Amino acid sequence: DVKVTQSSRYLVKRTGEKVFLECVQDMDHENMFWYRQDPGLGLRLIYFSYDVKMKEKGDIPEGYSVSREKKERFSLILESASTNQTSMYLCASSLGRKGTAASQYGYTFGSGTRLTVV
Amino acid sequence: RKEVEQDPGPFNVPEGATVAFNCTYSNSASQSFFWYRQDCRKEPKLLMSVYSSGNEDGRFTAQLNRASQYISLLIRDSKLSDSATYLCVVNMVTGNQFYFGTGTSLTVIP
């Protein structure tokens, strides 16, 4: 089974802090994604990556950055945490390369990080 | 307009009932379709892919209607353990990004 591991289940941070959320997958997937999930809004894509050192903005990238130095690891960075970034953060990975039909395999999600910014 | 739209529910049904959820998508070039299940405070997990010819997995049946741009999920003989939020997921033909509906909440009542 593919495993996607997120480093923390719960985090509490102060406004203005720099926050790192780590995600590691063990199945050599090319694609990795960061979402946030909020009640009534569903899952919203923050950033994604098709390859090492490659990143693309999703629908709500403001206030976030990402890093993918190794294929298996995709980090989400909150440069200066704010209270409106309190949310559930979900990392996902999938097999496939951009533009191919490999998307038929769907995503595998990590168990999520519930971040509270106070 | 949202890429994927679902009725949020909630659907409250008795055990043993049959329940159906629909989901519409906006891009006719969409290529892959899925239903995910999400339990409270857990991550979404793949329930089943949706194929053009329709597909069945035990009590669950998924169907795709490309002409009307919707997919459906039918659950027969509902169990208490089916209580969850069901997410409709669509993949566009370009790139590997998936678009999620906001989910339909199902509660199966004893």
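Residues numbered from 1 in each chain as written. Chains lettered and ligands numbered in written order. Predicted model: local features only at pLDDT ≥ 70, side-chain atom pairs only at ≥ 80, totals over all residues. Heavy atoms only, no water.

All names here are of chain B. Spatially, the five strands line up as an open sheet ordered 1-3-8-7-6, and their pairing is antiparallel. Among the strands making up the open sheet, the edge pair consists of strand 1 (4-6) and strand 6 (55-57). Each adjacent strand pair in this sheet contributes to an overall mean axis angle of 20°, direction not counted. (Pairing = 2+ DSSP bridges. Helix = DSSP H or I, 4+ residues; strand = E, 2+ residues; numbered from the N terminus. Axes fitted to C-alpha atoms, helices over the stretch in contact; angles between N-to-C directions.)

Turning next to the pattern of salt bridges. Residue and element names in this part refer to chain A. Applying the stated rule across the entire model yields ten salt bridges over all chains. Measuring nitrogen to oxygen at the nearest pair gives 2.9 Å for the salt bridge that ties Arg 44 to Asp 38. Among the residues examined, Arg 44 registers a relative accessible area of 24% and is labelled partly exposed. We classify Asp 38 as buried; its relative accessible area is 12%. A cluster of three or more residues bridged by salt bridges with shared partners is formed by Arg 36, Asp 38 and Arg 44. (Salt bridge = Lys/Arg side-chain N within 4 Å of Asp/Glu carboxyl O. Buried < 20%, exposed > 50% of the residue type's maximum accessible area, 1.4 Å probe, protein only.)

Time to look at the nonpolar core. All names here are of chain B. Counting 24 residues, the largest nonpolar core has Phe 21, Trp 35, Ile 71, Leu 73, Ile 75, Tyr 86 and Leu 106 as its most contacted members. Of all elements in the fold, only strand 3 (19-25), strand 4 (32-38), strand 5 (45-50), strand 7 (60-65), strand 8 (70-75), strand 9 (84-91) and strand 11 (104-109) reach the threshold of two or more residues within this core. Non-local contacts of Ile 75, meaning those with residues more than four positions away in its chain, are made with Ala 17, Thr 18, Val 19, Phe 21, Arg 59, Phe 60, Asp 82, Tyr 86 and Leu 106. (Core = buried A, V, L, I, M, F, W, Y, C linked by side-chain atoms within 4.5 Å. Contact = heavy atoms within 4.5 Å.)

A word on the pairing of strand 5 of chain B. All names here are of chain B. Of the strand pairs in this sheet, strand 4 and strand 5 are connected by five bridges, and their pairing is antiparallel. By the bridge assignment, Arg 37 is partnered in strand 5 with Lys 45. Following strand 4, the chain reverses through six residues before pairing antiparallel with strand 5; Arg 41 in that reversal takes a positive phi of roughly 65°.

Attention now goes to the side chain of Gln25(A). Residues and elements named next belong to chain A. Mapped onto the elements of the fold, Gln 25 is located in strand 4 (residues 23-25). For Gln 25, a relative accessible area of 2% puts it in the buried group. Polar contacts involving the side chain of Gln 25 include one to the main-chain carbonyl oxygen of Lys 71, which spans 3.4 Å. Setting aside its immediate chain neighbours within four residues, Gln 25 contacts Lys 3, Val 4, Met 32, Arg 68, Lys 71, Glu 72 and Ser 93. (Polar contact = N/O pair within 3.5 Å; in protein donor to acceptor, adjacent residues only side chain to side chain.)

Here we come to unusual backbone geometry. A cis amide bond, omega 5°, links Gly9(B) with the succeeding residue Pro10(B). As for its placement among the helices and strands, Pro10(B) is situated in the loop between strand 1 and strand 2 (11-14). In this model, Asp28(A) sits at a positive phi of 60°, which is unusual for a non-glycine residue. Along the polypeptide, Asp28(A) turns up in the loop between strand 4 and strand 5 (31-38). Even without being glycine, Arg41(B) reaches a positive phi, approximately 65°. Tracing the chain through its elements places Arg41(B) in the loop between strand 4 and strand 5.

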